[in-house]
Each structure stands twice: as structure tokens, then as C-alpha cells.
Amino acid sequence: MPKLRGEAFWRETLRSAHYVVAPMVDQSELAWRLLSRRHGAQLCYTPMLHAQVFLRDANYRRENLYGEACPEDRPLIVQFCANDPEVFVQAALLAQDYCDAIDLNLGCPQMIAKRGHYGAFLQEEWDLLQRMILLANEKLSVPITCKIRVFPEIDKTVKYAQMLEKAGCQLLTVHGRTKEQKGPLAGVASWEHIQAVRKAVSIPVFANGNIQCLSDVEECIRKTGVHGVMSAEGNLHNPALFEGRNPLVWEMAEEYLEIVQKYPCPLSYVRAHLFKLWHHTLQVYQQLREELAKVKTLEGIVDVNRELKLRCQEEIANQKEGEKPKEGLPFFHWICQPYIRPGPKERCKENGASGTEKGVRGKRALEEEEDGNSELLSKNKQKKKLRNPNKSFDPSLKPKYAKCDQCGNPKGNKCVFNMCRGCCKKRAFKETADCPGHGLLFKTKYEKSLSWQSSQRVIQNPEISRRGDVDVGETAVLKEAGDSPV
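In this text, all values refer to a predicted model and were calculated from it rather than measured experimentally.

(A) Main features of the pairing of strand β8 (residues 205–208). Side chains Val205 and Ala207 project from β8 onto one buried face, and the interleaved Phe206 and Asn208 project onto a second face that is buried too. The pairing of strand β7 (residues 172–175) with β8 spans 4 bridges and is parallel. Its bridge partner being in β8, His175 is matched across the sheet by Asn208. On the question of chirality, the crossover connecting β7 to the parallel β8 by way of helix α9 (residues 191–200) is right-handed. As paired strands, β8 and strand β9 (residues 228–231) are joined by 3 bridges and run parallel to one another. The partner of Asn208 across the bridge, within β9, is Met230.

(B) Examining the packing of aromatic side chains more closely. Applying the stated criterion across every chain, the model contains 10 aromatic pairs. Both rings, one in Phe332 and one in Trp334, keep their centres 4.9 Å apart while their planes meet at 0°; by these two values the pair is stacked. Among the residues examined, Trp334 registers a relative accessible area of 5% and is labelled buried. Between Phe429 and Phe442, the aromatic rings sit 5.7 Å apart at their centres with planes inclined by 75°, giving edge-to-face as the arrangement. A residue pair is termed long-range when its members are at least 10 positions apart, and Phe429 in helix α19 (residues 421–431) and Phe442 in helix α20 (residues 442–460) qualify at 13 residues. Take Phe442: its relative accessible area is 24%, and that puts it in the partly exposed class. Grouping aromatic residues by their ring pairs yields a cluster made of Phe54, Tyr60, Tyr66, Phe80 and Tyr98.

(C) A look at the pattern of salt bridges. Under the definition given, this model contains 13 salt bridges. A salt bridge links Lys156 to Glu124; its shortest N-O distance comes to 3.1 Å. A residue pair is termed long-range when its members are at least 10 positions apart, and Lys156 in helix α8 (residues 154–167) and Glu124 in the loop between α6 (111–116) and α7 (126–139) qualify at 32 residues. Taking the shortest distance from any N to any O, the salt bridge between Glu180 and Lys179 comes out at 3.3 Å. Taken together, the salt bridges that share partners define one network made up of Arg33, Arg37 and Asp73.

(D) Inspection of the environment of Cys213 at higher detail. Relative to the assigned elements, Cys213 resides in the loop between β8 and α10 (214–224). Relative accessible area serves as the criterion here: at 30%, Cys213 is assigned to the partly exposed category. Along the backbone, Cys213 and Ser231 are 18 residues apart, and their C-alpha atoms lie at a distance of 9.3 Å.

(E) Quick look at the packing of helix α12 (residues 249–262) against helix α13 (residues 267–277). In contact at an axis separation of 10 Å, α12 and α13 are set at 170° when each is read in the N-to-C sense. Classified by the interaxial angle, the pair formed by α12 and α13 is roughly antiparallel. Note on element contacts: α13 touches α12 through Tyr269, Val270, His273, Leu274 and Leu277, opposite Val249, Met252, Ala253, Tyr256, Leu257 and Val260. Of the residues belonging to the contact of α12 with α13, the class tally is 10 nonpolar, 1 polar and no charged.

(F) Geometry of the nonpolar core. Counting 110 residues, the largest nonpolar core has Phe80, Phe88, Ile102, Leu164 and Leu172 as the members making the most contacts within it. For this core, the element with the highest residue contribution is α12, accounting for 8 residues. Those residues in contact with Ile102, other than ones at most four positions away along the chain, are Ile77, Val78, Phe80, Phe88, Ala92, Ala95, Leu140, Val142, Pro143, Ile144 and Thr145. Counting 11 residues, the second-largest nonpolar core is a separate cluster that includes Cys415, Phe417, Met419 and Cys424.

(G) Looking closely at unusual backbone geometry. Residues Arg74 and Pro75 are joined by a peptide bond in cis, for which omega reads -5°. Structurally, Pro75 is set in the loop between α4 (58–64) and β4 (76–81). The backbone of Glu327 sits at a positive phi, close to 60°, despite the residue not being glycine. Looking at the secondary structure, you find Glu327 in the loop between α16 (298–317) and α17 (344–353). On the basis of relative accessibility, which here comes to 75%, the residue Glu327 falls in the exposed class. Its identity is not glycine, yet Asn418 carries a phi of approximately 60°, on the positive side. Note that Asn418 resides in the loop between α18 (379–387) and α19. Using a relative accessible area of 33% as the deciding quantity, one classes Asn418 as partly exposed.

(H) Expanded view of the pairing of β4. Counting buried residues in β4 gives 6 out of 6 residues, a clear majority hidden from the surface. Of the two faces of β4, the one holding Leu76, Val78 and Phe80 and the one holding Ile77, Gln79 and Cys81 are both buried throughout. In this structure, strand β2 (residues 43–45) lies alongside β4, joined through 2 bridges in parallel fashion. What sits directly across from Cys44, in β4, is Leu76. Examined bridge by bridge, strand β3 (residues 49–50) and β4 share 2 bridges and lie parallel to one another.

(I) Representation of the state of the cysteines. Applying the stated rule across the entire model yields 0 disulfides. Distance from the sulfur of Cys424, which forms no disulfide, to the nearest cysteine sulfur (Cys435) is 3.6 Å. For Cys424, a relative accessible area of 0% gives the class buried.

(J) Examining the environment of Val89 more closely. Relative to the helices and strands, Val89 is located in helix α5 (residues 85–95). Relative accessible area serves as the criterion here: at 2%, Val89 is assigned to the buried category. For the pair Val89 and Ala51, spaced 38 residues apart in the sequence, the C-alpha separation amounts to 8.6 Å. With near-sequence residues (within four places) excluded, Val89 lies in contact with Leu135, Ala136, Lys139 and Leu140.

(K) Quick peek at α16. With 20 residues, α16 ought to run about 28 Å at 1.5 Å a step, and its terminal C-alpha atoms sit 29 Å apart, in line with that. Every buried residue belonging to α16 is among Leu298, Gly300, Ile301, Val304, Asn305, Leu308, Lys309 and Cys312, and all of these are buried. Packed against the buried residues of α16 are α12, α13, α14 (279–284) and α15 (286–294).

Thresholds, definitions, all that
Residues numbered from 1 in each chain as written. Predicted model: local features only at pLDDT ≥ 70, side-chain atom pairs only at ≥ 80, totals over all residues. Heavy atoms only, no water. Buried < 20%, exposed > 50% of the residue type's maximum accessible area, 1.4 Å probe, protein only. Helix = DSSP H or I, 4+ residues; strand = E, 2+ residues; numbered from the N terminus. Pairing = 2+ DSSP bridges. Right-handed = clockwise from strand over helix to strand, strands pointing away. Phe/Tyr/Trp six-rings, centres within 6.5 Å; stacked < 30°, edge-to-face > 60°. Salt bridge = Lys/Arg side-chain N within 4 Å of Asp/Glu carboxyl O. Axes fitted to C-alpha atoms, helices over the stretch in contact; angles between N-to-C directions. Parallel < 35°, antiparallel > 145°, perpendicular 65-115°, else oblique. Contact = heavy atoms within 4.5 Å. Nonpolar A, V, L, I, M, F, W, Y, C, P; charged D, E, K, R; others polar. Core = buried A, V, L, I, M, F, W, Y, C linked by side-chain atoms within 4.5 Å. Disulfide = S-S within 2.5 Å. Expected span 1.5 Å × (residues − 1).

Shown next, in the form of C-alpha cells:
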């Protein structure tokens, strides 16, 4: 059967899916996908899988894709991160029989993606991306799709999308934020970019960003003309988002925990889901928040969930007529609802004005005023700042190091080659040289090895030793006479 492409692939294989659950690391596992499908989701993605690990590790494949077969979990798209065409295609070949398409992640903006050189940090390497998609399109029996982030410029974003389409991408998901827009700096996704891409390509397009409720989905489709809308954080806080309703939190939590009993997953995934579902309630019952963080078993999580339900039911029983939700929430905290991520200034104001006990700062970012400049500090830097208030994170104040002649990393102060240890080791090995500064003694060890081999030959054959003594004596006599040995 020929491989379906473009619109035909979306209509027939993906069943004209409009409501899509995003690929989410450690969050879009099988149990959560099944819960989402029960409540309106028409298409789901696996969590992002690392192609190289998937290729070499059988346990990783079994845990993430080769587990119990579940006919309910279709259509399904498997997402990989990769930066090597061969590795990507070999991993995809191992996964293609378990899904309806393979997706290449070109949208992850996190630091781990920068260090690993994948996700959104490949968006400037168009030649590499073309080779990856061309090879996948040629070798795979299922379509290849891509999920991207936008460039600040609409024109460049459109050319980027057209390049991916030309290379063989059969469906494109566009997250309307740049790779710099993340965490407290996420801001609003640009539907204008998404609309421009939709008009410029002939393949199906999904939109991602600014989706908190069903009305957002409908408005996005109307304004951008996309085929479907993908939700990530909105889905985590309300799995019934695509049904257009806001259920009681414990209903969703209990249903999810029942699915987990049948399709187990790591406890950390379950805990993270309950933190999202109960987010607003856990701001009220801090003690139960701590218990949920510490619990070590699934049964323990079920107990905390039951206690949260009882507390909320008591609150409902004691509720006064006409009472309204607190903290500016659209619904009472025991109802599934969107979480609006505060910007850096709002978060700083919250932490500075009301704060929390014992001076605990906000989770992700803090705005500090140093020498008139605003600096956003990560959680780890905030902790260091609390321990040492005089510590500065200004890059200009960091000590300057001499760079390695080869790679640009700091060089060893006593290196004979003016290199870092890694480059020095390669050169010293290649040239059979020593570098005392780095403790590399290839030449010395080689000479010792030759000396030892020579002594072993002498021990095994005493005639060599006697002959060697005669030769040395003869040479000495000749030298005294001013002649050279022939």
C-alpha cells in the first residue's frame, strides 16, 4: 500500500484530527494519553524520545513504546529528537510499526536541547534538516512530520516551513513562540506567524500556543485556518479541555489513577500530573502539597488524592451562598481550570510583596536590580544568592582564562602545547610526547616499555648480552683511535 501524504494522510490516517495532545517529556505517557482520548483528544504524541538512546537501549524502547499493545491509543505519532540523519532514520525504523507517523522535534527550547544540539537549536541548520527529512521520507513506511518554533521574522518562518515541506515533511506543527520565549518569558504565541505558514504551504498545519480552553481552540482555527490545534499545558491542567467542560479535579485524578493501575508508569510521572491537576488546591493546603512531594508509592499518592478530595468536599459543604472564587480564579480551586503563567515582573512582585515563609523565592525567575540592570536569575542562582548575598552573576566580572589553541576551552596553565587537557591528550598520544602539566607521559612510558622489552630479550638469550658487551668495547676502542665502526 503506498504511503499517504499531506491532506490524504491527515484525513484518512489521522481521521481529520482537530484536537491534539502535544508531545510532553515524562507527561504524555500512555496512561495520560488514554485519559485525554476519553475526554475529546483525537490525536496524541508520545513524549519526546532520544533517537540515539532509542537505537542502542532495548529497555528504553520497551519502557517508552514496546509495552502493552493498546488499540485505543491510535492514531499515534512518535516524536524523536536527533541531529544525525542515519541515527534518526534507524531509530524511526524501529518505531514505525508501532505508530502512524514519525515526528522530528525542532521545537524544544530547553537548555538540555542546547547542550545536546537538537530541538529548536537546529533551526538554523537547514542543510542538515533537509538531509534528515529526505532520508526519513525515503526509508520509512510511515509519513514524517515536524514540530517547529517560529523565527522573530514572519518571512523567515515561512521560508523555513516551505523548506521542510519541500524536503518531505507531510504535516507541520507550528508553535507560535521563538526559542527564547520559555518559562517566565514565554509571553503570547503569535498566531500571525502560524496563519502565514498555513497560507504558504500545501501540507496540513497544526497550531500550538495560547490554548487554555475550547473557545481558544475554535478561535485559533477560525483566525489561522489550521487543520488542528495542539495543547500541552492547558491539557495538563484540564484533560477535558477538548470537551469544553471544567470537571471536578478529583474526578480526573481518580480516573487517571485507575488507568495507571492498568498501564503503570514511573511514579514521578504520576506525581507530576497530580501537581498540575491539583495546582490551585495545593496553594491552599500546603501540608498536603509536601506530603504529595514526599510520598514513595502509588498507594500513597492515592491516599493524598483522597485527602485532598475530602478537604474540598468539606469546603463545599461549608460554602456560603454567593461566595466567589478567591485569588482572581475563574472557578473555585477544586475545578479543573487553566493556569496562567506569570511573567517575570509579576512573579517578582508576588515573591517580593507577599513572599512565602522563611524568604523562599519563586520557582523559576527573579528580577534583581544590580547597577541599574535587570537580571533574571534561575532557581539555582537564587539559592546561591541567598547563601552569599554578595555573589555576582555578571559575566563581565568572571575571571578571564587563556583559551586552548585547538577548541577554545580554557587551556592548562602548564601545558606544553597550550591546549586544554582533552586536546593535549590527543596530540600527545599522536606524537608520542609528554606533557607534565597535564600529567600525560606517553613518551616516557613508551621508552620504559622499550627498555623493558630489551631487558626481557637479554634475560631470555644470554648470548645477546655477551655479544652486546663485545660490541660496546670494540666501539669504545675505535672511538679512542679516531675511527668509526663499519
